[in-house]
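Overview (structure and organization)
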Amino acid sequence: MRKVLRVVVVFVGLLWAQSAQADPYRLLVESDANATAGHEVFVATYATLDNFLNSVPAGGSFSQINISAGFGVGGLAFDGSYRLLVESDTNTTAGNELFLSSYASFADFLSSTPSSGSFSQVNVSAGFSSVGFTFDGSQYHLLVESDANATAGHELFLASYNSLTDFLSSTPAGGGFSQINVSAGFSVGGFTFDDGGYRLLVETDANATGGHELFLASYGSLDAFRNSTIGTGSFSQVNVSAGFSAAAFLAEPTPLPPPPPPPPPTGVPEPSTLLMLGLGFAATGVQRLRQSR
């Protein structure tokens, strides 16, 4: 269920051609009101974290994804495929609340070409909303936030799952409240794993100017996130326009380069050497034949 007071923005001047980037950061914003495909979900891409903080986008585009009326985005994860989590705006039963769509590529995400989709059996408690979904290489993490402002230790709850199958079947490996206290007047807008640590994006509930609207906090480990031991924190200069909300933040890992080819086995002659040996044996045979005559 989405926070009633979440009022945020869409990026101005980001309708540029999407370009491939190494280590991109994706900021997904969603229309606060239900809208048609191509006008509801916008993704801005930043080549580096500094570019995100300084509001220097590499590109941006609306997706053709159409979020069903009565649902809102609850997170975006990457595990080789893009996993978009949407949640019912009203509290409902397990198997009808969280829906996960998968996209094989970013182009498929933009064109709304899912490879699969399924409801999860996870049941988000009444009074809480899904605000982040990430994969850290070994586990999937679902972050939920209290709809009402609450004290530290009662506001952000993190559930972990060992596999996507476990997430869909609601078989958690663990879970607990974080000691993070989100300031009154702010709400979580995304949660992502990034280079061994975790990043939490929060935004103002009311529209604000660039440099006062989106705040990014970084944590060196999952334990640091749980204990509210912040590594760094800074406002971004990104300015979002009224009528949209930050719905997901994704640090997309750089694909690993292909492994180098294995060295040739030792002690095995190269083909040219074998050819020369073969010719040498043939010459020896001819010479012996001549001598025998």
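Right, let's walk through the structure included here. (Residues numbered from 1 in each chain as written. Predicted model: local features only at pLDDT ≥ 70, side-chain atom pairs only at ≥ 80, totals over all residues. Heavy atoms only, no water.)

The buried fraction of strand β2 (residues 41-46) amounts to six of the six residues, a majority that puts the element mostly inside the structure. Pairing geometry for strand β1 (residues 25-31) and β2, over six bridges, is antiparallel. Directly across from L27, in β2, lies its bridge partner A44. Sheet topology note: the β2/strand β3 (residues 59-63) ladder contains five bridges and is antiparallel. Across the sheet, the residue bridging to F42 is F62, located in β3. (Buried < 20%, exposed > 50% of the residue type's maximum accessible area, 1.4 Å probe, protein only. Helix = DSSP H or I, 4+ residues; strand = E, 2+ residues; numbered from the N terminus. Pairing = 2+ DSSP bridges.)

All right, on to the sheet that holds strand β15 (residues 232-236) then. Across the sheet, which stays open at both edges, the four strands sit in the order β12-β13-β14-β15 with antiparallel pairing between neighbours. Sheet topology places β12 (186-194) and β15 at the edges, where each strand pairs with a single neighbour. The mean angle between the axes of side-by-side strands here comes to 20°, regardless of whether they run parallel or antiparallel. As paired elements, strand β14 (residues 214-219) and β15 share five bridges and run antiparallel to each other. Bridge pairing in β15 places F215 opposite F235. (Axes fitted to C-alpha atoms, helices over the stretch in contact; angles between N-to-C directions.)

It is worth spelling out the environment of D50 at this point. Structurally, D50 can be placed in helix α1 (residues 49-54). The sequence separation of D50 and S236 amounts to 186 residues, and the corresponding C-alpha distance is 9.0 Å.

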